[in-house]
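A look at the structure
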Amino acid sequence: MPGAAGVENPAFEPPSPAAPRRAASPTLVRLSVPAAAPPAPPAPPAPPPEPPAPPAPASDSEEGPCGWGSLQPRGLQRCNTPQGFLAHYCLLALTQGIVVNGLVNISISTIEKRYELKSSLTGLISSSYDISFCLLSLFVSFFGENGHKPRWLSFASFMIGLGAFVFSLPRFFSGPYQMGSLFEDTCSTAGNRTSCNSSGSSLSNFLYVFILGQLFLGTGGTPLYTLGTAFIDDSVPTHKSSLYIGIGYSMSILGPAIGYVLGGQLLTVYIDFGMGQSIDITEDDPRWLGAWWIGFLLVWLFAWSLIIPFSCFPKHLPGTAQIQEGKISQTHQSKSTSEQTSDENFGKSFKDFPAALKNLMRNTVFMCLVLSTSSEALVTTGFATFLPKFIENQFGLSSSFAATLGGAILIPGAALGQVLGGVLVSKFRMTCRSTMKFALITSIIAFGLSSVFLYANCENEPFAGVTESYNGTGELGTLTAPCNTDCNCLRSYYYPVCGANRVQYFSPCFAGCKHSFSQGQSKVYNNCSCIERRTGVPPTAEPAGFEAKAGKCETRCTYLPIFLGVFFITVIFTFMAGTPVTVSILRCVHHRQRSFALGIQFMLLRLLGTIPGPIIFGLTIDSTCTLWDVNECGVKGACWIYNNIRMAHMLVSISVVCKIVTIFFIGLAIFLYKPPPSSCADMSFQNQDTVVSTVSVQCDLHKAGDEG
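A brief look at the structure comes next. (Residues numbered from 1 in each chain as written. Predicted model: local features only at pLDDT ≥ 70, side-chain atom pairs only at ≥ 80, totals over all residues. Heavy atoms only, no water.)

On a plain count of helices and strands, the chain comes out with 21 helices and nine strands. Split into buried and exposed, the 708 residues of the chain put 51% on the buried side. Put simply, of all contacts in the chain between residues at least 6 apart along the chain, 80% involve residues at least 24 apart. Looking at the chain as shown, the accessible area adds up to about 31,100 Å², and 63% of this sits on carbon and sulfur atoms. (Helix = DSSP H or I, 4+ residues; strand = E, 2+ residues; numbered from the N terminus. Buried < 20%, exposed > 50% of the residue type's maximum accessible area, 1.4 Å probe, protein only. Contact = heavy atoms within 4.5 Å. Areas by Shrake-Rupley, 256 points an atom, 1.4 Å probe, with all protein chains shown as cover.)

Okay, structure coming up:
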């Protein structure tokens, strides 16, 4: 049976049928003899104990064909392999990544505008997934370890689809979108002023529907990364496990990329698509909202299409027992392992939960590896959230192009790193200690490369009212100057323009521009009272009368290619450690607690990493703000302008601290790790309830705490 606690030493010949055999009982394994003392001669048994029962034959509930009861189509048996299960696992991981880290993230800004939600409330929507995952991961991984893991993944498919469907429901109950009147962006002596309105809108009540959808998605993601990973590790030899896990995890990273592309294309479709309404605005209109909801319906249908395939897999794939017999125990040896029971029913009752949790929490190697992954998760989720903002501000790019570059660096780099890490560990058949050393080396290389933020940063371009005055008038930190006092401009309407003097302005209104016209696909302005051509600045190749054009001024910083290249390599080495650390966690704990160990890992990873990561990065970036949005009611909103140099230094400081923590805990895990003794190095997993007694007494004594 898989997950066997019994071991045997193939270096010894099996005893003859006439030779007496010892029963595998806890009283016999836990002999009170010092480890260094020579084994006492065994007392002659009287009467001889019963020989251990052979493993139970595989049935439909254990190893068996693909199907449902007596319905076992021959065509399905081609999928009843580790490769077949991995293919379905990748599809589910891809689907989960598309909706959770792709569609949700790209739809947040549209949802804010449509349902009149503050950023703090949409942040609660994003966090609801992690909250659900943390609350359920321990219990799902504990009870699912001895359960039917493929059926748990069938349940995960159902919950991911249900969560996506619920997330799309506000679209069908909120009525048609009311666009409102167009805002005038040029200088005007009337209009553009708004009054304070503290009354709320019933649309904001849909917040709870979005949170419920995220809670369902978190429920579905829990079995995927705990029980699914453990099932893959059960079904393949040790040296192939890292490759399969790396491929599966890389699909969860590619999912957000597909989600961003899919969601981005759907946002070019009007939000009320299919309601028979005619519109006369384009995507360039600030009132435009895209059809954010279509992607969630597609995910709902695709996720539910995976329910039946997962439900047809047996509890264990054919050949799992034989694979388990050939595996070598690499469990970390410590005093805490003596508390683990050999009872075959251990873990099937809730009363065993505290003992199992205590056993893993006292495994120092396991806890060091978990803390290292939490530190890495903090910095990776922080950069995944704010890298586009960093690129946009440092190199003067548009938000859409910065997001494209950020995705082009993070997604392929992370996926390539996960696969490379799994391939190298598999190719060289690394032991648990060697795998941790490999993770340490890649983390050290990534630490050295993270200094790119110090050398590839750019000073802010000239910005009227922020870094320089309006032609000698006005004050720094104040957008209003004598040249635009009568324009009735709003600081909540950020639409940057670049003047012919190579100075950037907050909006055409704050530049004092009174007229606008289109030139191709861009918009240009003239008659701007705040723009004066500087002496020594070459004129632009724009038509006569041009004084400003829409968009930020072209940056004079040339570090963008260097930054993107070095950061891409940094991402690869960062994620190369991901799969080896996961494999090390599976190896250093008792093989019957692997799912539970992953549950603890993902819970702490979210509590210490993915949840606080974006918050810490957000607060750090906010501390570098030089110009805040303050509306007519005096309420501070988003930050418009940042100090680029300070932002780069703050982010590299966080990165360095997290990398040092990661390197420290991986190094400590290597130092503390104690593999089974050499006399037990050839011990393989067999039946959970059987220990073959052809091993030395010293090996029995050393492994009594872990195997007994």
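With that settled, consider the packing of aromatic side chains. Inspection of every chain in the model, using the stated rule, returns 36 aromatic pairs. Measuring from centroid to centroid gives 5.6 Å for Phe-506 and Phe-510, while their planes differ by 90 degrees, and the two rings are edge-to-face. Phe-510 carries the same exposure label as Phe-506, and that label is buried. A network of ring pairs unites the aromatic residues Tyr-115, Phe-167, Phe-206, Phe-210, Trp-292 and Phe-296 as a single cluster. The ring of Trp-293 has Arg-171 sitting right over it, with the charged end atom 4.5 Å from the ring centre. (Phe/Tyr/Trp six-rings, centres within 6.5 Å; stacked < 30°, edge-to-face > 60°. Lys NZ or Arg CZ within 6 Å of the ring centre and 35° of its normal.)

Turning our eyes to something else, we now look at the nonpolar core. Proteins that are soluble and globular tend to have nonpolar side chains buried together. Ranked by internal contacts, the top residues of the largest apolar core, which has 97 residues, are Phe-85, Tyr-89, Trp-292 and Phe-366. When near neighbours in sequence (up to four residues on either side) are disregarded, Tyr-89 contacts Leu-153, Leu-224, Tyr-225, Gly-228, Thr-229, Ile-232, Gly-248, Tyr-249 and Phe-310. (Core = buried A, V, L, I, M, F, W, Y, C linked by side-chain atoms within 4.5 Å.)

Turning our attention to the sheet that holds strand S6 (residues 548-550). For sheets, the rule is that strands pair by backbone hydrogen bonds, running either parallel or antiparallel. As summarised here, the arrangement of the five strands in space is S3-S2-S6-S5-S4, forming an open sheet in which the pairing is antiparallel. Strands at the two margins of the open sheet, each flanked by one partner only, are strand S3 (504-505) and strand S4 (513-519). In this sheet, S6 lies alongside strand S2 (residues 497-499) in antiparallel orientation, the contact comprising three bridges. Residue pairing across strands places Cys-498 opposite Lys-549, the latter belonging to S6. (Pairing = 2+ DSSP bridges.)

Checked against the element boundaries, Thr-226 lands in helix H6 (residues 207-235). Judged by its relative accessible area of 0%, Thr-226 falls in the buried class. Dropping the residues within four chain positions of it, Thr-226 is found in contact with Ser-141, Ser-595, Leu-598, Gly-599 and Phe-602.

Applying the stated criterion across every chain yields a total of seven disulfides. Through a disulfide, Cys-458 is tied to Cys-557; the S-S separation comes to 1.6 Å. The chirality of the disulfide connecting Cys-458 with Cys-557 is left-handed, given an S-S dihedral of about -45 degrees. Here Cys-557 lies in the loop between S6 and helix H16 (560-576) and Cys-458 lies in the loop between helix H15 (452-455) and S2, a separation of 99 residues in the sequence. There is no split in this pair, since Cys-458 and Cys-557 are both buried. The disulfide partner of Cys-513 is Cys-528, and the gap between their sulfur atoms is 1.9 Å. The disulfide joining Cys-513 to Cys-528 has a torsion of about 105 degrees about its S-S bond and is therefore right-handed. (Disulfide = S-S within 2.5 Å.)

So, about unusual backbone geometry. Despite not being glycine, Arg-429 shows a phi value in the positive range, around 50 degrees. By the secondary structure assignment, Arg-429 is in the loop between helix H13 (399-427) and helix H14 (432-449). Given a relative accessible area of 57%, Arg-429 falls into the exposed group. Backbone geometry places Asn-488, a non-glycine residue, at a positive phi of 55 degrees. On the secondary structure map, Asn-488 appears in the loop between H15 and S2.

Looking at where Ile-281 falls in the secondary structure, it is placed in the loop between helix H7 (238-266) and helix H8 (294-304). It is 9.5 Å that separates the C-alpha atoms of Ile-281 and Tyr-270, two residues lying eleven residues apart in sequence. In contact with Ile-281, other than residues within four places in its own chain, are Met-179, Arg-287 and Trp-288.

Between helix H12 (residues 364-395) and helix H17 (residues 578-588), the shortest axis-to-axis distance is 9 Å and the interhelical angle comes to 160 degrees. It follows from the interaxial angle that H12 and H17 lie roughly antiparallel. By crossing handedness, the relation of H12 to H17 is classed as left-handed. Residues Val-365, Phe-366, Leu-369, Val-370, Ser-372 and Thr-373 of H12 lie in contact with H17, whose contacting residues are Val-581, Ser-584, Ile-585 and Cys-588. For the contact of H12 with H17, the class distribution of residues is seven nonpolar, three polar and no charged. (Axes fitted to C-alpha atoms, helices over the stretch in contact; angles between N-to-C directions. Parallel < 35°, antiparallel > 145°, perpendicular 65-115°, else oblique. Left-handed = near helix turned anticlockwise from the far one by under 90°. Nonpolar A, V, L, I, M, F, W, Y, C, P; charged D, E, K, R; others polar.)

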